[in-house]
Amino acid sequence: MCTIWQSYVQNIGTLYLSRTLRLSDEYKEKYMDAFGMADK
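On a predicted model such as this, the values are computed, not experimentally measured, just so you know.

Chemist: Please explain a nonpolar patch on the surface as it appears in this structure.
Modeler: Together, Leu17, Leu21, Tyr31, Phe35 and Met37 make up a nonpolar patch on the protein surface, roughly 510 Å² of accessible area in all. Tracing the backbone shows Met37 in the segment after α3 (28-34).

Chemist: Just to check I follow, could you spell out the packing of aromatic side chains for this structure?
Modeler: Here the distance between the centres and the angle between the planes together describe a pair of aromatic rings. In the structure shown here, the tally under the stated rule is 1 aromatic pair. On the numbers, 6.4 Å between centres and 20° between planes, the contact of Tyr31 with Phe35 is stacked. The exposure class assigned to Tyr31 is partly exposed, which follows from its relative accessible area of 34%.

Chemist: Any chance you could explain the environment of Val9 here in plain terms?
Modeler: Inspection of the secondary structure puts Val9 in helix α1 (residues 4-9). Owing to a relative accessible area of 44%, Val9 belongs among the partly exposed residues under this scheme. C-alpha separation for the pair Val9 and Gly36, spaced 27 residues apart in sequence, amounts to 31 Å. Here Val9 is in contact with Ile4 and Thr14, once residues within four sequence places are set aside.

Thresholds applied
Residues numbered from 1 in each chain as written. Predicted model: local features only at pLDDT ≥ 70, side-chain atom pairs only at ≥ 80, totals over all residues. Heavy atoms only, no water. Patch = residues over 30% accessible without salt bridge, like charges linked within 9 Å, V, L, I, M, F, W, Y side chains within 5 Å. Areas by Shrake-Rupley, 256 points an atom, 1.4 Å probe, with all protein chains shown as cover. Salt bridge = Lys/Arg side-chain N within 4 Å of Asp/Glu carboxyl O. Helix = DSSP H or I, 4+ residues; strand = E, 2+ residues; numbered from the N terminus. Phe/Tyr/Trp six-rings, centres within 6.5 Å; stacked < 30°, edge-to-face > 60°. Buried < 20%, exposed > 50% of the residue type's maximum accessible area, 1.4 Å probe, protein only. Contact = heavy atoms within 4.5 Å.

In structure tokens, the structure reads:
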């Protein structure tokens, strides 16, 4: 079943991008700096 949310708001492209931004090691240092976290 396809919903409006899946079709227009969070389709596969936006879902992939949002998870990449949150979970990719590529952005680890940027998030740690932004939130003032020490690398432990």
